[in-house]
Amino acid sequence: MTGCFLCGMGKIEGMQTTQYCISDIQDALHRLKIDTLHELGLSGRGIKIAVCDSGIRSTHPLLEGRITKKIQIAFGELEDNAGHGSHVAGILSQTAPKSEIFNIKVLDDNTNGTFADIMTGIETAADMGADVINLSLGSYAKTCIIDNIMCQLVDNIAFERNIAVVCAAGNGGPGISPTIPAGAYGSIAVGSCNDNLTTSNWSSRGPFCGMKYPDCAAIGADIYSAWVNGSVCESHSGTSMATPIVSGLIALLIEAKGRRLTRGEIEYILKNGCIKV
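Residues numbered from 1 in each chain as written. Predicted model: local features only at pLDDT ≥ 70, side-chain atom pairs only at ≥ 80, totals over all residues. Heavy atoms only, no water.

Engineer: Describe in detail the nonpolar core, supporting the description with residues and values.
Structural biologist: The biggest cluster of nonpolar side chains holds 46 residues, and the ones touching the most others in it are Val-166, Ile-188, Val-246 and Ile-250. With sequence-adjacent residues up to four places away left out, Val-166 is seen in contact with Val-132, Ile-133, Asn-134, Leu-135, Ile-188, Val-190, Thr-243, Val-246, Ser-247 and Ile-250. In terms of nonpolar packing, the next biggest core, distinct from the first, is built from 32 residues, Val-106, Ala-125, Val-165 and Cys-167 among them. (Core = buried A, V, L, I, M, F, W, Y, C linked by side-chain atoms within 4.5 Å. Buried < 20%, exposed > 50% of the residue type's maximum accessible area, 1.4 Å probe, protein only. Contact = heavy atoms within 4.5 Å.)

Here you go:
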């Protein structure tokens, strides 16, 4: 079954150096006050985060030495010819700077994916010992999705194995239905906000089938991060870009707690430790 899209890949705002990219991501983390956790000594050390995406360009300066495991499921270049997975991983590398990143390629070089490949990637990530699974991808649901097989898989992994499954909410704006798998009960659905912490107008949101959606938001507008051309960084917008910030934040919280967090614990921390946008 095909039909997955990427919750990102907005217009390119420009190209910059790696150092500029680091400063841009750090500015977003400062606005979200995540840098205060870094100042407390939290870095995500030892926490394993799987990026299920289009691959990761591990030779980019932002990502050198950060990729500890690589698995290819979809066709194409494992090292990423699309750029999306590298962009996501670059943001993650700054949010949880000592975490271990798994490159699990579930999307091809045209950023297309099948439900079968993505589900295989999710299961593989869990079996490889991932503490957090980042899914900056999805497909819009047309009906309530309680019986969707991918959502059931996410629920099982989140509730039975205490693995945080963090998903991009989508870029359809208000009133658009949840994406699969972000609409799963077990997922942490992430929307996007701007630098001034107001909701991005294109970020999917709104109640659907009795659920509040998304669960949280992070800065996802005009974020510079790694790309596939040497040491170049590019700026993109989307809930895809917000999602790795939340994945990295959860890695910091797991490090602080000394164990994996339940879905309920993560929801409690997000509701009580974040500002309303």
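Engineer: Can you lay out the pattern of salt bridges for me, pointing to particular residues and giving the numbers?
Structural biologist: Here the structure, examined in full by the defined rule, presents nine salt bridges. When the shortest N-O distance is used, the salt bridge between Asp-109 and Lys-105 registers 3.2 Å. Residue classification places Lys-105 among the buried positions, given a relative accessible area of 0%. (Salt bridge = Lys/Arg side-chain N within 4 Å of Asp/Glu carboxyl O.)

Engineer: Please give an account of the side chain of Ser-204 that cites residues and values.
Structural biologist: As for its position among the elements, Ser-204 is in the loop between strand E10 (187-193) and strand E11 (216-219). Those residues in contact with Ser-204, other than ones at most four positions away along the chain, are Tyr-140, Ala-169, Gly-170, Asn-171, Gly-172, Gly-173, Ile-176, Tyr-213 and Pro-214. (Helix = DSSP H or I, 4+ residues; strand = E, 2+ residues; numbered from the N terminus.)

Engineer: With reference to specific residues and values, describe the sheet that holds strand E2 (residues 15-16).
Structural biologist: Taking strand neighbours across the sheet as the criterion, the three strands line up as E2-E13-E12 in an open arrangement whose pairing is antiparallel. Two strands lie at the open edges of the sheet, namely E2 and strand E12 (223-226), each paired on one side alone. Taken together, the four bridges between E12 and strand E13 (residues 233-236) define a ladder with antiparallel strand orientation. Counted as the bridge partner of Ile-223 is His-236 from E13. This element, helix H1 (residues 18-31), spans E2, E12 and E13 of the sheet and lies at about 130 degrees to E12. (Pairing = 2+ DSSP bridges. Axes fitted to C-alpha atoms, helices over the stretch in contact; angles between N-to-C directions.)

Engineer: So what's going on with the environment of Ile-245? Which residues, and what values?
Structural biologist: Examined against the element boundaries, Ile-245 turns out to sit in helix H6 (residues 239-257). Sequence spacing of Ile-245 and Val-166 is 79 residues, and the spatial spacing of their C-alpha atoms is 9.9 Å. Beyond its immediate stretch of four places on either side in the chain, Ile-245 contacts Leu-29, Leu-32, Ile-34, Ile-91, Thr-95, Ala-218 and Ile-219.

Engineer: Describe the pairing of strand E4 (residues 67-72), listing the residues and the values that go with them.
Structural biologist: Judged from the five bridges that link them, E4 and strand E5 (residues 100-105) form a sheet pairing that is parallel. Opposite Gln-72, over in E5, you have Lys-105 as the bridge partner. Assessed by its sense of winding, the connection that carries the chain from E4 through helix H3 (residues 84-95) to E5 is left-handed. (Right-handed = clockwise from strand over helix to strand, strands pointing away.)

Engineer: Quick one: what's the story with unusual backbone geometry, residue by residue and with numbers?
Structural biologist: For the peptide bond that leads from Ile-180 to Pro-181, omega is 15 degrees, which places it in the cis range. Looking at the secondary structure, you find Pro-181 in the loop between strand E9 (179-180) and E10. Residue Pro-214 is bonded to the preceding Tyr-213 through a cis peptide linkage, with omega at 0 degrees. Tracing the backbone shows Pro-214 in the loop between E10 and E11. Look at Asp-80: it is not a glycine, yet its phi comes out positive at around 85 degrees. Position of Asp-80 among the secondary structure elements: in the loop between E4 and H3. Relative accessible area serves as the criterion here: at 0%, Asp-80 is assigned to the buried category. Phi at Asn-162 is positive, roughly 55 degrees, even though this residue is not glycine. Among the secondary structure elements, Asn-162 is positioned in the loop between helix H5 (149-161) and strand E8 (164-168).

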